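Architecture and fold: a report
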There are 2 protein chains.
Amino acid sequence: MSKQNAFDQKKQAILKEINSLQPDLSPKGTIDELCLPIMRLINSHIDMVTTSSCSGRLSVFAEGTKMIKGVTKVGGKGEGGRWLYVSHDYNKISNWFLEAKKENQFRVESSIDISSRLDGNNRYILYKYEPFILHVKCRDFAMASKLYNVAMSCGFRESGIGSNFLVGIRINIKLDVPIGYVDEVKGDNVLFVDPKYIELLDLLTLTKFEENVKKMQDLYNKIEEEIINEVKDILIERKLTKDEIREKKINEGLARQRKIQEERLNSLSSETEKISIK
Amino acid sequence: MSKQNAFDQKKQAILKEINSLQPDLSPKGTIDELCLPIMRLINSHIDMVTTSSCSGRLSVFAEGTKMIKGVTKVGGKGEGGRWLYVSHDYNKISNWFLEAKKENQFRVESSIDISSRLDGNNRYILYKYEPFILHVKCRDFAMASKLYNVAMSCGFRESGIGSNFLVGIRINIKLDVPIGYVDEVKGDNVLFVDPKYIELLDLLTLTKFEENVKKMQDLYNKIEEEIINEVKDILIERKLTKDEIREKKINEGLARQRKIQEERLNSLSSETEKISIK
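What counts, and at which threshold
Residues numbered from 1 in each chain as written. Chains lettered and ligands numbered in written order. Predicted model: local features only at pLDDT ≥ 70, side-chain atom pairs only at ≥ 80, totals over all residues. Heavy atoms only, no water. Helix = DSSP H or I, 4+ residues; strand = E, 2+ residues; numbered from the N terminus. Buried < 20%, exposed > 50% of the residue type's maximum accessible area, 1.4 Å probe, protein only. Contact = heavy atoms within 4.5 Å. Areas by Shrake-Rupley, 256 points an atom, 1.4 Å probe, with all protein chains shown as cover. Expected span 1.5 Å × (residues − 1). Core = buried A, V, L, I, M, F, W, Y, C linked by side-chain atoms within 4.5 Å. Domains from an automatic or database assignment. Buried area = accessible area lost by both parts, 1.4 Å probe. Salt bridge = Lys/Arg side-chain N within 4 Å of Asp/Glu carboxyl O. Polar contact = N/O pair within 3.5 Å; in protein donor to acceptor, adjacent residues only side chain to side chain. Nonpolar A, V, L, I, M, F, W, Y, C, P; charged D, E, K, R; others polar. Pairing = 2+ DSSP bridges. pLDDT = per-residue confidence, 0-100.

As for the overall build of chain A
Counting secondary structure elements, chain A contains six helices and 12 strands. The 278 residues of chain A split such that 44% are buried. Across chain A, the fraction of contacts at a sequence separation of at least 24, relative to all contacts at a separation of at least 6, is 71%. For chain A, the computed accessible surface area is about 15100 Å², with 53% contributed by carbon and sulfur atoms.

Some words on helix α4 (residues 141-153) of chain A
In an α-helix, one full turn covers 3.6 residues, which means residues spaced three or four apart are oriented alike. Residue and element names in this part refer to chain A. End to end, α4 covers 18 Å across 13 residues, agreeing with the expected 18 Å (1.5 Å per residue, within 8%). Where α4 is concerned, the buried positions are Met143, Ala144, Ser145, Leu147, Tyr148, Val150, Ala151, Met152 and Ser153. Positive backbone phi, at 95°, marks Gly155, one or two positions downstream of α4.

What to know about the nonpolar core
One finds Trp96, Ile179 and Tyr197 of chain A together with Trp96, Ile179 and Tyr197 of chain B to be the most contacted residues of the largest nonpolar core, which totals 132 residues. Setting aside anything within four residues of it in sequence, one finds Ile179 of chain B in contact with Val60, Trp96, Phe106, Ile125, Tyr127, Val190, Leu191, Phe192, Val193, Ile198 and Leu201 of chain B.

Details of the domain arrangement of chain A
In many reports, interface size means the accessible area that the parts give up when they come together. All names here are of chain A. Splitting chain A by domain gives domain 1 (6-235) and domain 2 (240-277). Across the contact, six residues belong to domain 1 and four residues belong to domain 2. Interface of domain 1 and domain 2: buried area, both sides summed, is about 360 Å²; carbon and sulfur atoms make up 34% of it. Inspection of the region where domain 1 meets domain 2 yields zero salt bridges. Between the two partners, domain 1 and domain 2, sit zero residue pairs in polar contact (both at pLDDT 80 or more). Top contributing element to the side of domain 1 that touches domain 2 by residue count: helix α5 (residues 195-237), with three residues. Here the side of domain 1 that touches domain 2 is composed, by residue class, of no nonpolar, two polar and four charged.

Section: the pattern of salt bridges
Per the stated rule, a full pass over the model turns up 22 salt bridges over all chains. Notably, a salt bridge pairs Lys196 of chain A with Glu199 of chain A, separated by 3.5 Å at the nearest N-O pair. Of this pair, Lys196 of chain A and Glu199 of chain A both sit in helix α5, three residues apart, which is roughly one turn of the helix. For the salt bridge of Asp183 of chain B with Arg107 of chain B, the shortest nitrogen-to-oxygen distance reads 3.1 Å. Of this pair, Asp183 of chain B sits in strand β11 (residues 175-183) while Arg107 of chain B sits in strand β6 (residues 107-108), and the two are 76 residues apart along the sequence. Each member of the pair, Asp183 of chain B as well as Arg107 of chain B, is classed as buried. Within this structure, Asp8, Asp47 and Arg139 of chain A form a network of salt bridges that share partners.

Focus: unusual backbone geometry
All names here are of chain A. Even without a glycine there, the phi angle at Asn104 is positive, about 55°. On the secondary structure map, Asn104 appears in the loop between α3 (96-102) and β6 (107-108). Relative accessible area serves as the criterion here: at 65%, Asn104 is assigned to the exposed category. Although it is not a glycine, Asn164 adopts a positive phi angle of roughly 55°. Mapped onto the elements, Asn164 comes out in the loop between β9 (160-161) and β10 (166-169).

Some remarks on the pairing of strand β7 (residues 124-130) of chain B
Residue and element names in this part refer to chain B. Within β7, seven of the seven residues are buried, which leaves it mostly tucked inside the rest of the structure. The alternating pattern of β7 places Tyr124, Leu126, Lys128 and Glu130 on one face and Ile125, Tyr127 and Tyr129 on the opposite face, and all of these are buried. Pairing analysis gives six bridges linking strand β2 (residues 57-62) to β7, with the strands arranged antiparallel. For Leu58, the partnering residue across the bridge sits in β7 and is Tyr129. In this sheet, β11 lies alongside β7 in antiparallel orientation, the contact comprising six bridges. Looking at the pairing, Ile125 lines up with Gly180 of β11.

Brief notes about the confidence of the model for chain A
For residues with low pLDDT, the predicted coordinates do not support detailed interpretation. All names here are of chain A. The share of residues in chain A with pLDDT of 70 or more is 83%, and the mean pLDDT across the chain is 85. A low-confidence stretch, residues 269-278 stays under pLDDT 50, and its non-local contacts, those more than four residues away or across chains, total 26 contacts. At the level of chain-chain contacts, confidence expressed as ipTM amounts to 0.78, with global pTM at 0.79.

Here it is as structure tokens:
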């Protein structure tokens, strides 16, 4: 089977699955609505198909036990960890803790002595915000490289091309905060931060949701402008006169210069990013 | 200039810079010691050269102002943000807050009303742990792809190949926690979590340092085994008889088993003694 046919058959199968009413393989079982526009845009291109996505979410996770056969495992989420709450919905964020308390998922005590929680055997409860992530299978390296460059230019700085030209589009808009611990004796979850602090985290999560959606929109626009429309341009150009093409090239040149200047500004402000690239 | 020459010249220039006594372009100005072994290993391969690295660090960052020309900018670090503390050193983590308090970098109040901090205009103080990250320029896609696959197989799940076969090796071992705010009136930094909570974060940071170093070691071993030694094997095996190759394979199998047992022991001892590298 030729490479081209292999890609086309794979794409056909994936689109069939996306369009079917069957639940997908994610814990949630369905595609996040916020992802649909950019997925449709990408899948409209003959050389790309989306393979997995998450629009961004708040999750509250209770770690499993790290004591395995008498040995404490460093790091990781431990065995038997579970999600206490997961939501992709901006409008539900502010109420999650009230709901969780109603369902007795948390014990809130007037004062907790955190010192008693300072050893590696504790199962902590983690409050996480995770941003938009998208995986796109491309027909060849040229296509993967083009999509990668567009994603990077929109600030998706943790993007990369994997094996089989699968592009991972990632951005670093995160929260990762321990908010409590699992009481092994009473078998419940105890908050060791002020409930007001949860309100603050929720507020930050909302701003991250907004930032995330804005970034998704930027990415959508840039993919449309630099990948989808370019294909149309090539078709149109046949009909353009030499002068029209010349003017178009000049405008494209100016646009490129603008982009370079913007990127300079961005790289300036990203001085506060974690490492420098020589 | 042929592609090969371009890579070789680039590699030569980078190695010259790495080996020079001049400070590099990172905020810290020098290469993290923990990165040197894996950098040397990778740079010993004719088709790879390291371009940037960070061994993992704790940083405490005060956001800049997000109110720009009367408009609140959603997300980002704001203008004029600054680091209050940065350390790559496992042994300094437990003391950072004491030092910071001595230098009056933080005001700790008996009770803070967080409610008064629940709006987007606040400049928050963020406690971050960021793990090991490494960028490696490869000669071609085949080399980049091989390094990418090795990194993924060691759990560096956020790795990816960028443009010009630059491989980013990334892992998601993070903390990202708001711990206070900048008091614009008094012009100082106020902690809005219990100082004991900082102790807890420091403890988690130490376990993340350990997990991170273990992962770096796994990556070192796998690169050595599957990329560096493979080259040697190809050269050697030409000269080996079938029996010698068979014996070699058996010995390699035993060595692998030994390594697994050693790693079990190490992960055990790295809990009891607080050693930062095997």
